[in-house]
Amino acid sequence: MPAPQNSPYISFPNNAAEVLAHWQELFGGTLDITLYDDLPDLSGFPFTPPPGTVAHGTLTGGLLTVAGGDGIGEPGQELPPLESEVYSFLVGLDAVDQAHTLIDTVTAAGGRVAMPFALAPWGDHYGQVVDRYGVMFALVVAGNAESAESAESAESAESAESAEKA
């Protein structure tokens with residue numbers, strides 16, 4: 001039996017192409033977008049999508065896997081914004097330096113730090129950033145991961161110690 005695969009599916013408030021492209025810039029990966037305009041036949045479809053509306057998009061292969069499309073509301077209905085404190089994306093990273101680089105990338109692109117990235121009481125490094133659309137990304141590096149700088153310092157100390165013993 002194949003392993004189950006899952007990802008969040010978001011009904012974007014008519015900005016799916018823009019947000020997914022932004023997330024691709026931040027997190028890497030491959031972005032595939034299908035517009036309703038690209039579909040050959042919408043006869044019998046329960047609604048008429050506005051021109052340029054995203055039917056389905058996927059971002060895969062980077063630090064984030066997500067799918068979604070533009071939400072289609074009733075005429076005159078305002079769709080809810082992406083910004084919310086009831087959800088976030090948890091992004092696991094391999095090294096502390098990688099997390100700091102990602103934080104710099106998100107904030108340089110109009111985001112902000114919601115919780116400083118630091119060693120957490122449970123032993124992992126953890127912090128939160130919010131992108132320019134108000135979406136929170138919680139970043140975590142396992143407690144046994146080291147930054148490249150820490151690893152180099154440890155190697156230098158071991159080399160010096162070995163040289164002293166020789």
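Residues numbered from 1 in each chain as written. Predicted model: local features only at pLDDT ≥ 70, side-chain atom pairs only at ≥ 80, totals over all residues. Heavy atoms only, no water.

S.K.: Just to check I follow, could you spell out the sheet that holds strand E3 (residues 54–60) for this structure?
M.R.: Neighbouring strands of a sheet are bound in pairs by backbone hydrogen bonds; such pairs are parallel or else antiparallel. Taking strand neighbours across the sheet as the criterion, the four strands line up as E1-E4-E3-E2 in an open arrangement whose pairing is mixed. A single partner strand is all that each edge strand has here, and the edge strands are strand E1 (9–12) and strand E2 (30–35). Between one strand and the next, the sheet's axes are offset by a mean angle of 15°, whatever the strand orientation. Pairing of E1 with strand E4 (residues 66–70) involves four bridges; the strand directions are parallel. (Pairing = 2+ DSSP bridges. Helix = DSSP H or I, 4+ residues; strand = E, 2+ residues; numbered from the N terminus. Axes fitted to C-alpha atoms, helices over the stretch in contact; angles between N-to-C directions.)

S.K.: Would you mind going over the sheet that holds strand E7 (residues 125–130) with me for this structure?
M.R.: Taken in spatial order, the four strands line up as E5-E8-E7-E6 in an open sheet, and their pairing is mixed. Of all the strands in the sheet, just strand E5 (89–93) and strand E6 (112–119) have a single pairing partner and so form its edges. This sheet shows a mean twist of 20° between the axes of neighbouring strands, independent of strand direction. Pairing analysis gives five bridges linking E6 to E7, with the strands arranged antiparallel. Bridging from a neighbouring strand, Arg 112 pairs with Val 130 of E7. Packed on one face of the sheet, helix H2 (residues 96–108) meets E5, E6, E7 and strand E8 (136–141) and runs near 170° to E6. (Contact = heavy atoms within 4.5 Å.)

S.K.: Teacher, can you tell me more about the environment of Ala 17 here?
M.R.: Considering the arrangement of structural elements, one finds Ala 17 in helix H1 (residues 16–27). For the pair formed by Ala 17 and Asp 70, sequence separation is 53 residues and the distance between their alpha carbons is 8.2 Å.

S.K.: Which parts of the structure should I look at to understand the packing of aromatic side chains?
M.R.: Aromatic ring pairs are described here by two measures, namely the spacing of the ring centres and the angle between the planes. One pass over the structure, following the stated rule, counts ten aromatic pairs. Between Trp 23 and Phe 89, the aromatic rings sit 5.6 Å apart at their centres with planes inclined by 70°, giving edge-to-face as the arrangement. With Trp 23 in helix H1 and Phe 89 in strand E5, this pair connects stretches of sequence that are 66 residues apart. This pair shows no difference in class: Trp 23 is buried, exactly as Phe 89 is. Ring geometry for Trp 23 and Phe 137: centres 5.7 Å apart, planes at 90°, overall edge-to-face. Linking Trp 23 in helix H1 with Phe 137 in strand E8, this pair joins segments that are 114 residues apart in sequence. For the pair shown, Trp 23 and Phe 137 are each scored as buried. (Phe/Tyr/Trp six-rings, centres within 6.5 Å; stacked < 30°, edge-to-face > 60°. Buried < 20%, exposed > 50% of the residue type's maximum accessible area, 1.4 Å probe, protein only.)

S.K.: I tried to follow the confidence of the model for the chain on my own but got confused; where do I start?
M.R.: Low-pLDDT portions of the prediction should not be read for the details of their coordinates. Across the chain, pLDDT averages 88, with 86% of residues at or above 70. Counted against residues more than four places away or in other chains, residues 147–154, with its pLDDT under 50, gives five contacts. (pLDDT = per-residue confidence, 0-100.)

S.K.: Can you walk me through H1 in this structure?
M.R.: The α-helix advances 3.6 residues per turn, and as a result positions three or four apart in sequence lie on the same side. Look at H1: 16 Å from first C-alpha to last across twelve residues, which is about the 16 Å you get at 1.5 Å a residue. Those residues of H1 not exposed but buried are Ala 16, Val 19, Leu 20, His 22, Trp 23, Leu 26 and Phe 27. In an axial view of H1, the angular spread of the buried residues amounts to 160°, which keeps them on one side of the axis. Downstream of H1 by one or two residues, Gly 28 has phi in the positive range, about 75°. (Expected span 1.5 Å × (residues − 1). Arc of directions from axis to C-beta.)

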